[in-house]
Amino acid sequence: MEPQEAEFVDRMGLVMERLGGTRTMGRVYAWLMICDPSHQSLTDLAAQLDVSKTAISTVARQLEGAGMIERVPTSSREHRYQTAGGGWEHVLRVQLGGVGFGLETLDFGLSIVGEGRRDQRARLEESREFFAFIEHDADGFLQRWQDYREKSGEEDQSGN
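None of these values were measured; they are calculated from a predicted model.

Engineer: Is there a simple way to explain the side chain of Arg121 in this structure?
Structural biologist: In this fold, Arg121 is placed in helix H7 (residues 118–158). Residues in contact with Arg121, not counting those within four places in the same chain, are Leu110, Val113, Gly114 and Glu115.

As structure tokens, this is what we get:
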């Protein structure tokens, strides 16, 4: 791995960590985005990233479960992985799926906090309003992303 590649891999580790994952998840995903060939075995990943094969196996299962990487068919027993198209979008969809549960929980909170507890209700209502906004806008946001991707692809093909 070249020094600048290593820096990119480490930076993506920090990105993933800030988004709630682990640094190793970000490093594995980053390496799979830039490696050649584009698919790597667990042994390859462990060697390139200087992480135990056991840790790489665990992270690979987590990233695969999140829809960010996928297993590549091989003729051997070895597992090989590559990035999956739409990985970040899939992660966001899963996260947004939890918004409904958040709304239900905040509604429950409001039901147990009496009208006389104005400060507590105000905090709950502000949070509920935020979750309701996210739920309301999520589909539109993801559609705008798809529209953006399509437009960006058209501009790339036309040379603009």
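Engineer: What is the right way to read helix H1 (residues 3–18) from this model?
Structural biologist: The terminal C-alpha atoms of H1, which comprises 16 residues, lie 23 Å apart, in line with the 22 Å expected from a rise of 1.5 Å per residue. The set of residues buried in H1 consists of Val9, Met12, Gly13 and Met16. One side of H1 holds all its buried residues, which, seen down the axis, span an arc of 110°. Set apart from the buried face of H1 by more than 90 degrees, the exposed residues are Pro3, Gln4, Arg11 and Arg18. Residues of H1 that are buried make contact with helix H2 (23–34), helix H3 (42–49), helix H4 (53–65) and helix H5 (87–97). Directly beyond the C-terminal end of H1, a positive phi value near 105° is found at Gly20.

Engineer: For this particular structure, what's the right way to read the packing of aromatic side chains?
Structural biologist: The geometry of two aromatic rings is summed up by the distance between their centres and the angle between their planes. One pass over the full model with this rule turns up three aromatic pairs. Measuring from centroid to centroid gives 6.4 Å for Phe130 and Phe131, while their planes differ by 75°, and the two rings are edge-to-face.

Engineer: Even after reading the chapter, I still don't get the pattern of salt bridges, so can you show me in this structure?
Structural biologist: Pairing is possible between side chains of opposite charge, provided their charged atoms come close. Under the criterion given, the structure shown has eleven salt bridges. A salt bridge links Arg11 to Glu7; the nearest nitrogen and oxygen atoms lie 2.7 Å apart. Of the two residues, Arg11 and Glu7 both sit in helix H1, four residues apart, roughly one turn of that helix. By relative accessible area, Glu7 is classed as partly exposed at 41%. In this structure, a network of salt bridges that share partners links the residues Asp44, Glu78 and Arg80.

Conventions adopted
- Residues numbered from 1 in each chain as written.
- Predicted model: local features only at pLDDT ≥ 70, side-chain atom pairs only at ≥ 80, totals over all residues.
- Heavy atoms only, no water.
- Helix = DSSP H or I, 4+ residues; strand = E, 2+ residues; numbered from the N terminus.
- Contact = heavy atoms within 4.5 Å.
- Expected span 1.5 Å × (residues − 1).
- Buried < 20%, exposed > 50% of the residue type's maximum accessible area, 1.4 Å probe, protein only.
- Arc of directions from axis to C-beta.
- Phe/Tyr/Trp six-rings, centres within 6.5 Å; stacked < 30°, edge-to-face > 60°.
- Salt bridge = Lys/Arg side-chain N within 4 Å of Asp/Glu carboxyl O.

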